[in-house]
Amino acid sequence: MPEYKVAEIFTSINGEGKRAGQIAHFIRFCGCNLACGYCDTKWANVSDAPFTSMTEREIADIVDAAGISNITVTGGEPLIQPDIIELLSVLRKDGRYIEIETNGAVKVDEVIAMGNSRPSLTMDYKLPSSGMERYMIESNLDLLDDRDTIKFVAGDTADLRRAKEVIEGYALIGRVAVYIGTVFGRLRPDEVVRFMLDNAMNGVNLQLQMHKYIWDENARGV
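What comes next is a walk through the structure.

## Regarding helix H4 (residues 157–169)
Part 1 of the reasoning: Helix length check: H4, at 13 residues, gives a terminal C-alpha distance of 18 Å against a target of 18 Å (1.5 Å per residue), a fit within 8%.
Part 2 of the reasoning: Listed as buried for H4 are Asp 159, Leu 160, Ala 163, Val 166 and Ile 167. The buried side chains of H4 occupy one side of the element, clustering within an arc of 125 degrees when seen end-on. Exposed residues pointing more than 90 degrees away from the buried face of H4 are listed as Glu 168 and Gly 169.
Part 3 of the reasoning: Where the residues of H4 are buried, they touch strand E6 (120–125), strand E7 (149–154), strand E8 (177–182), helix H5 (189–198) and strand E9 (204–206).
Part 4 of the reasoning: One or two steps after H4, the chain reaches Ala 171, where phi turns positive at roughly 45 degrees.

## With respect to the pairing of E6
Part 1 of the reasoning: For E6, the buried fraction is high: six of the six residues fall into the buried class.
Part 2 of the reasoning: Residue alternation in E6 divides its side chains into two sets, Ser 120, Thr 122 and Asp 124 and Leu 121, Met 123 and Tyr 125, and both sets are buried.
Part 3 of the reasoning: Relative to E6, strand E5 (residues 97–102) runs parallel, the two sharing four bridges. Bridge assignment links Thr 102 to a residue of E6, and that residue is Met 123.
Part 4 of the reasoning: Bridge analysis of E6 against E7 gives four bridges, and the strand direction is parallel. Bridge pairing links Tyr 125 to Phe 152 in E7.

## Topic: the packing of helix H1 (residues 56–66) against helix H2 (residues 84–91)
Part 1 of the reasoning: Axis separation between H1 and H2 bottoms out at 10 Å; the angle between their running directions is 35 degrees. Relative to H2, H1 is oriented so that their crossing is right-handed. Here Glu 56, Arg 57, Ile 59, Ala 60 and Val 63 of H1 lie close against H2, whose contacting residues are Glu 86, Leu 87, Val 90 and Leu 91.
Part 2 of the reasoning: Among the residues making up the contact of H1 with H2, the classes are represented as six nonpolar, no polar and three charged.

## Brief notes about the packing of aromatic side chains
Part 1 of the reasoning: Overall, the coordinates contain three aromatic pairs when judged by the stated rule.
Part 2 of the reasoning: Arranged with centres 6.2 Å apart and planes meeting at 55 degrees, the rings of Tyr 4 and Phe 29 form a pair that is tilted. Of the two residues, Tyr 4 sits in strand E1 (residues 3–13) while Phe 29 sits in strand E2 (residues 23–29), which places them 25 residues apart along the sequence.
Part 3 of the reasoning: Overall, Tyr 4 belongs to the buried group, its relative accessible area being 0%.

Each value, and the rule that gives it
Residues numbered from 1 in each chain as written. Predicted model: local features only at pLDDT ≥ 70, side-chain atom pairs only at ≥ 80, totals over all residues. Heavy atoms only, no water. Helix = DSSP H or I, 4+ residues; strand = E, 2+ residues; numbered from the N terminus. Expected span 1.5 Å × (residues − 1). Buried < 20%, exposed > 50% of the residue type's maximum accessible area, 1.4 Å probe, protein only. Arc of directions from axis to C-beta. Contact = heavy atoms within 4.5 Å. Pairing = 2+ DSSP bridges. Axes fitted to C-alpha atoms, helices over the stretch in contact; angles between N-to-C directions. Left-handed = near helix turned anticlockwise from the far one by under 90°. Nonpolar A, V, L, I, M, F, W, Y, C, P; charged D, E, K, R; others polar. Phe/Tyr/Trp six-rings, centres within 6.5 Å; stacked < 30°, edge-to-face > 60°.

Written as structure tokens, this is what we have:
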């Protein structure tokens, strides 16, 4: 039976995306194939990050006991975990909403192939200030539909301009939920709103990392 490197499992409020403000059960895995300059989970991505080795059944038992219908699978980058599709198949039952937070640098074909009951994808598109845009797999964008979210995290106005180019270039509005947020503490939310207004960005959602406003921005397990 496969085992997974689990950094932490916790219940909190969903701070981002379509279900922001709703309670969710989070499963965070160790390891990432990117190194974004603004990453707020570097502690889980380093080679010597602490983890608990868990089977899919052990993870599923914790999720079952929590009684929470929103499940967020995150990292790091969860899709680089070996046999992650097998775990996702076990978790998707009883009307649960499964959301995978993925960084845009891993192919999502296997998730899409899970069919109509597949998990929802919340995919980052890494903008220039992250230093990781060159790793984006742009063919992923063509696979997303109205179950999914594309998320842009902007650190400056150049990032905002690039986000606009990608949104328009891939005709994302109306096909997938689109969110623009900020690197916390670097770009003010009102600057994003002004850019959205100046560019008539209909259908785009401002995203605030709600959990960072509720708790300390460096707090874990929230």
